[in-house]
Amino acid sequence: MTWNQTRREFVKSSARAGGALGVLGAFGSAACAGGTGDPLRILILGGTRFIGPHQVKYALDRGHEISIFTRGQTEPPFFHDYFARVEHLIGDRTSDLTALEGREWDAVIDNSASYPSWVASTTELLRDQVDRYLFVSSISAYADFARVGIDEDYHVGQLSPTEAEDDGGYGPRKARCEHYTRDAFGESAIIVRPGLIIGPGDNTDRWTYWPVRVDRGGEVLAPNTPADPVQNIDARDLSEWIVRLVETPGHGGTYNATGEVQQFGAMLEEIRGALGSDATFTWVSTEFMQEQEVAPWMHMTNWTPPEGETVGMNQVSVAVAVQAGLTFRPLADTARDTVEWWNALPEERRAEPRAGLPADKEAEVLAAWHASV
C-alpha cells in the first residue's frame with residue numbers, strides 16, 4: 001500500500017467517525033476560511049470558463065494551492081491576476097493526460113467532462129493520487145422532470161444498449177460520468193448536479209437575456225403567467241460552495257445544486273427593481289407562444305412549461321445541498337453584476353447573443369398577442 005492510499009483510508013475513516021472531527025475533517029480544512037487551516041492542493045479539470053474562474057479566486061483567497069488542467073486554448077474571462085498564481089497543466093482529456101501522471105492532490109474538481117470516457121480515464125489515473133473527487137454533473141442527468149420536488153434519489157437517464165458511451169444524450173452521458181466517479185472514489189466521490197447557472201461570465205446567455213432585456217426597458221414579453229416556477233444558481237454561490245465541499249472529507253455524496261424555487265414574476269420584478277428599469281411585462285400564454293414559434297428555454301430562457309414532462313424542471317429539491325452549506329446571494333446583486341459584466345463585453349459579442357428572443361421577433365409576437373385579445 002502506498003503512502004497516498006494510507007492517507008486516503010485515513011480521510012475516509014475520519015469522515016465516517018464524525019464526533020470530534022465532524023465538520024472540520026481530518027485536515028482541519030474548514031478552518032481555511034479564517035486562514036488558520038492547512039491549505040489543500042486542489043486540481044481543477046477545466047477552470048477557465050464560467051464557474052472555473054470563480055472557483056480559482058475563492059480557493060486562492062482561502063489559502064489553497066491550485067493546479068488547472070486545460071488544453072491551453074481558452075483565456076479566463078476575468079481574474080487574470082489570480083491565474084498568474086495557478087499551476088497550468090496542459091493536455092487533452094481525449095488523448096493526453098501525461099501532465100497528471102505521478103502527481104498527488106488532496107482534491108479534484110472536475111468541471112469539464114460531459115463524456116463518460118473522459119471521466120473513466122481521469123478517475124482511473126487519479127484514484128490513487130487524490131483523496132476526493134468532485135464531479136460537476138447536471139440536473140439533466142435525471143430521466144425526466146415529471147414530478148415536483150425531485151431529490152437526489154430520483155432515477156437518472158440511461159444510455160441505450162446500442163449507444164456508444166460518448167454518443168448518447170447529454171443527460172444520460174452525465175449520469176454515466178457520475179457512475180465512473182463513484183466507482184473509482186466510493187465514499188470520497190462528490191456529485192454536484194447544478195440547475196441553470198447564472199451571473200457574470202455566463203457563456204450561454206440563457207439567463208443573461210433577462211437582466212439585459214429588462215435593463216433595455218419598454219414592453220417585455222414574459223412567459224405564460226407570473227406564478228410559473230423558476231430556479232437558477234449564481235455561479236459564485238455554486239463555485240464557492242463546491243470549494244467548501246472539497247475542503248471537508250465528510251461531504252461525499254450527491255447534491256442537487258440549483259436555487260430555491262421562485263415565481264417567474266417575482267424574479268422579473270426583482271431584476272427590474274435592481275436595475276431601476278421602466279420595463280413592463282406582458283404575459284403571453286404557452287399556447288400562443290407555441291403558435292408563434294417562441295421556444296421554451298431557447299427564446300424564453302430559464303422557463304419551461306410547468307406541466308407534463310417538464311413540470312418539475314424548475315422545482316427540484318435542494319434541501320440536501322442547503323443542509324450541506326449551499327447559500328444564495330440576493331438575485332438583485334446577480335442582476336446588477338451580470339449587466340455590468342455584459343456591458344463591458346466587446347460590442348461584437350453583445351451584438352450576437354446566444355439565447356433569448358430577438359428584438360424584432362419579440363415586437364412581432366407582442367403585436368400579434370395584443371391583436372388577439
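In this report, the structure presented in the accompanying data block is examined. (Residues numbered from 1 in each chain as written. Predicted model: local features only at pLDDT ≥ 70, side-chain atom pairs only at ≥ 80, totals over all residues. Heavy atoms only, no water.)

## Re the packing of helix α8 (residues 264-275) against helix α11 (residues 331-343)
Each pair of packed helices can be summarised by the angle the axes make with each other and by the distance between the axes.
Part 1 of the reasoning: Contact geometry for α8 and α11: axes closest at 8 Å, N-to-C directions at 60°. Judged on the interaxial angle alone, α11 and α8 are oblique. Where α8 crosses over α11, the two elements pack in a sense that is right-handed. Facing Met267, Glu270, Ile271, Ala274 and Leu275 of α8, the residues of α11 in contact are Leu331, Ala332, Ala335, Arg336 and Val339.
Part 2 of the reasoning: Considered class by class, the residues forming the contact of α8 with α11 number eight nonpolar, no polar and two charged. (Axes fitted to C-alpha atoms, helices over the stretch in contact; angles between N-to-C directions. Helix = DSSP H or I, 4+ residues; strand = E, 2+ residues; numbered from the N terminus. Parallel < 35°, antiparallel > 145°, perpendicular 65-115°, else oblique. Left-handed = near helix turned anticlockwise from the far one by under 90°. Contact = heavy atoms within 4.5 Å. Nonpolar A, V, L, I, M, F, W, Y, C, P; charged D, E, K, R; others polar.)

## Some words on the nonpolar core
Part 1 of the reasoning: Ranked by size, the top nonpolar core spans 34 residues in total, and within it Val56, Ile66, Leu134, Val192, Leu238 and Trp241 carry the most contacts.
Part 2 of the reasoning: Per element, the largest residue contribution to this core is seven residues, and it comes from helix α7 (residues 235-247).
Part 3 of the reasoning: When neighbours within four sequence positions are excluded, Ile66 is seen to be in contact with Ile42, Ile44, Val56, Ala59, Leu60, Val86 and Glu87.
Part 4 of the reasoning: Membership of the second largest hydrophobic core comes to 33 residues, among which are Trp283, Val284, Leu357 and Leu366. (Core = buried A, V, L, I, M, F, W, Y, C linked by side-chain atoms within 4.5 Å. Buried < 20%, exposed > 50% of the residue type's maximum accessible area, 1.4 Å probe, protein only.)

## A short note on the environment of Pro306
Part 1 of the reasoning: Take Pro306: it is sitting in the loop between α9 (286-291) and α10 (319-323).
Part 2 of the reasoning: Under the relative-accessibility criterion, Pro306 is labelled partly exposed at 24%.
Part 3 of the reasoning: Placed 76 residues apart in sequence, Pro306 and Val230 show a C-alpha to C-alpha distance of 9.4 Å.
Part 4 of the reasoning: Residues within four places of Pro306 in sequence aside, it is in contact with Asn224, Asp228, Pro229 and Val311.

## Some points on the sheet that holds strand β4 (residues 105-110)
Part 1 of the reasoning: In space, the seven strands of this open sheet follow the order β3-β2-β1-β4-β5-β6-β11, with parallel pairing throughout. Two strands bound the open sheet, and with one partner strand each, they are β3 (87-90) and β11 (253-257). When strand polarity is set aside, the average angle formed by the axes of neighbouring strands in this sheet is 20°.
Part 2 of the reasoning: In this sheet, β4 lies alongside strand β1 (residues 41-45) in parallel orientation, the contact comprising four bridges. Across the sheet, Leu43 pairs through a bridge with Val108, a residue of β4.
Part 3 of the reasoning: Strands in contact with helix α2 (residues 51-61) are β1, β2 (65-70), β4 and β5 (130-136); relative to β2, the strand with the most contacts, it is inclined by about 160°.
Part 4 of the reasoning: Strands in contact with helix α4 (residues 116-126) are β1, β4 and β5; relative to β5, the strand with the most contacts, it is inclined by about 165°. (Pairing = 2+ DSSP bridges.)

## Quick notes on the pairing of β5
Part 1 of the reasoning: Burial of β5 is extensive: seven of the seven residues sit out of reach of the surface.
Part 2 of the reasoning: Relative to β5, β4 is paired through five bridges, and the arrangement is parallel. Note that in β5 the partner of Trp105 across the bridge is Val130.
Part 3 of the reasoning: The handedness of the β4 to β5 crossover, carried by α4, is right-handed.
Part 4 of the reasoning: As paired elements, β5 and strand β6 (residues 189-194) share four bridges and run parallel to each other. The residue of β6 that forms the bridge with Tyr133 is Ala189.
Part 5 of the reasoning: Since β5 and β6 lie parallel, the crossover through helix α5 (residues 170-185) that links them has a hand, and here it is right-handed. (Right-handed = clockwise from strand over helix to strand, strands pointing away.)

## Here we look at the layout of surface pockets
Part 1 of the reasoning: As a volume, the largest pocket reaches approximately 1,300 Å³.
Part 2 of the reasoning: If you trace the largest pocket, you find 44 residues lining it, with Asn111, Ser112, Tyr170, Lys174 and Asn203 closest to the centre.
Part 3 of the reasoning: When contributions to the lining of the largest pocket are tallied by element, the ones reaching two or more residues are β2 and α5.
Part 4 of the reasoning: Of the residues belonging to the lining of the largest pocket, the class tally is 15 nonpolar, 22 polar and seven charged. (1 Å grid on protein atoms, 1.4 Å probe; cavity = no way out; pocket = protein on both sides within 12 Å on 5 of 7 lines; lining within 4 Å. Points joined across faces, edges and corners; volume = space filled by probe spheres on them.)

## Some points on unusual backbone geometry
Part 1 of the reasoning: Positive phi, close to 65°, is recorded for Asn224, a residue that is not glycine.
Part 2 of the reasoning: By secondary structure assignment, the location of Asn224 is in the loop between β8 (219-223) and β9 (229-230).
Part 3 of the reasoning: For Glu293, which is not glycine, the phi torsion reads 60° and is therefore positive.
Part 4 of the reasoning: Position of Glu293 among the secondary structure elements: in the loop between α9 and α10.

## Details of the pairing of β11
Part 1 of the reasoning: Counting buried residues along β11, four of its five residues qualify, which places the element largely inside the surrounding structure.
Part 2 of the reasoning: Sheet topology places β6 next to β11; five bridges connect them, and they run parallel. For Pro194, the partnering residue across the bridge sits in β11 and is Ala257.

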